[in-house]
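Okay, here's what each chain looks like letter by letter:
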Amino acid sequence: MITPEGFDEFVATRSPRLLRTAFLLTRDWALAEDLLQTALARAWEAWRRIEGDPEPYVRRIIVNANASWWRRRWRGEVPTADLPEVAAEADRYSGLDDRDRLWRALGRLPRRQRAVLVLRYFEDLSDAEVAEVLRCSVGTVKSQASRAVAKLRLDETLAPEGMLR
Amino acid sequence: MNLTDLTQVLDERSGEPAAQDRHDERLRGVRAKVVARRRRRIATWTTCAVVALGGVVAAAVLPGLRPDVTPAPADSTSPVRIIDGFPEYANGARLVAVESAALPKRRVELTIVPTTLDLVVSTRCDDPLLQEKLSINGHDFLSHGDCGTVQLGSGWDKYDVAVGKPATFVLTITGTRPLDQSGEIHTQVPASGTFGLAIGERTPGTR
């Protein structure tokens, strides 16, 4: 099987960053790797049709594939008889620093809102670029971002301006 | 919480495992996924083609396998009922009276009340060489000869036959004729065999 021209180089140089994006969306390294490889496999087949920089195209596949995986898998939890060990501390948040709490709060956001924050604050995309990736309007991006930030600010585990309550 | 924290958290959390940057393994994984996608696509198309082909074959073959709902033809080649050796419908007429007898009896008699003078009188014998004589209301009918004749048409009024009035038809076997002779050569009548007389009325629209 012949690798499309420039594909190997793209994977070598751009995939570490894309993997991080995938991780921020999935919060699981193995799942992120699978998501990235799936996106790259789709990009492989469309490689000759991609005009310009392929990274936005691959990023869009990652975001959309993550959303569709979630739709397919969110009820696919595997039941288990053994519950994980519960921390013995009386205060379940004791020992966690502010960033840990923020990371956990990010995980509680709806997927679409989390994707908006990742694209905006990690990928440093403009609202228009985020809208292009998510295939929605700029207004939707702004409202989703606003709601996501508001939820984080209202999260009871986080204090205003990063201070613990 | 401030947005600087958010950017730092996203950056820190996604930057942990340096070992994740193994692009050779990643490329192998991508190739495997591409191959799998192509196989799935080929399998899908093959399945579609097989289903379509199966549909075409089924459409062509199944009509032949379906049970034939056409009713089986009747055993009899003729729908006409036979009554005492005479067809119920023949020569455009429907039987109204039949009488048969077995030799050595030589005479049969029928009395009918015609509803029309368009009558058909038929005779039959097992042996066509039997000689017959027909009389109507005591008048000898014009023809004598071999058994199995059919007399059609009008002219019955000459024998006192009238609509609504009883008329008697008598068939008498007078003898038999040798095969190589003609004329009125009467010989001994066979001891067995049957003969009969039938009278029909022409049905409307058959003339």
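The coordinates are above.
Described below are features of the structure shown in this document.

**Some remarks on helix H1 (residues 7–26) of chain A**
Spanning 20 residues, H1 of chain A covers only 24 Å between terminal C-alpha atoms, well under the ideal 28 Å at 1.5 Å per step. Of the positions making up H1 of chain A, those classed as buried are Phe-10, Val-11, Ser-15, Leu-18, Leu-19, Arg-20, Thr-21, Ala-22, Phe-23, Leu-24, Leu-25 and Thr-26 of chain A.

**Description of the sheet that holds strand E3 (residues 89–90) of chain B**
Residues and elements named next belong to chain B. Strand order in the open sheet formed by 5 strands is E3-E4-E11-E6-E9, and the pairing between neighbours is antiparallel. Because the sheet does not close on itself, it has two edges, and the strands there are E3 and strand E9 (150–151). Here 2 bridges tie E3 to strand E4 (residues 93–102), and the two strands are oriented antiparallel to one another. For Tyr-89, the partnering residue across the bridge sits in E4 and is Arg-94.

**A word on the interface of chain A and chain B**
Between chain A and chain B, the contact holds 31 residues from the first and 27 residues from the second. Elements represented by at least two residues in the side of chain A that touches chain B include exactly H1, helix H2 (29–45), helix H4 (98–107), helix H5 (111–122) and helix H7 (138–154) of chain A. Sorting elements by how many residues they give to the side of chain A that touches chain B places H1 of chain A first, with 9 residues. Partitioning the side of chain A that touches chain B into residue classes produces 19 nonpolar, 4 polar and 8 charged.

**Thoughts on the packing of H2 of chain A against helix H2 (residues 23–65) of chain B**
Between H2 of chain A and H2 of chain B, the least distance of the axes is 8 Å, while the angle of their chain directions is 60 degrees. The handedness of the crossing between H2 of chain A and H2 of chain B is right-handed. Along the contact surface, H2 of chain A presents Gln-37, Thr-38, Leu-40, Ala-41, Trp-44 and Glu-45 of chain A, while H2 of chain B presents Arg-26, Gly-29, Val-30, Lys-33, Val-34 and Arg-37 of chain B. In terms of residue class, the contact of H2 of chain A with H2 of chain B is made up of 5 nonpolar, 3 polar and 4 charged.

Cut-offs used in this document
Residues numbered from 1 in each chain as written. Chains lettered and ligands numbered in written order. Predicted model: local features only at pLDDT ≥ 70, side-chain atom pairs only at ≥ 80, totals over all residues. Helix = DSSP H or I, 4+ residues; strand = E, 2+ residues; numbered from the N terminus. Expected span 1.5 Å × (residues − 1). Buried ≥ 20, exposed ≤ 12 C-beta atoms within 10 Å, placed from the backbone. Pairing = 2+ DSSP bridges. Contact = placed C-beta atoms within 7 Å. Nonpolar A, V, L, I, M, F, W, Y, C, P; charged D, E, K, R; others polar. Axes fitted to C-alpha atoms, helices over the stretch in contact; angles between N-to-C directions. Left-handed = near helix turned anticlockwise from the far one by under 90°.

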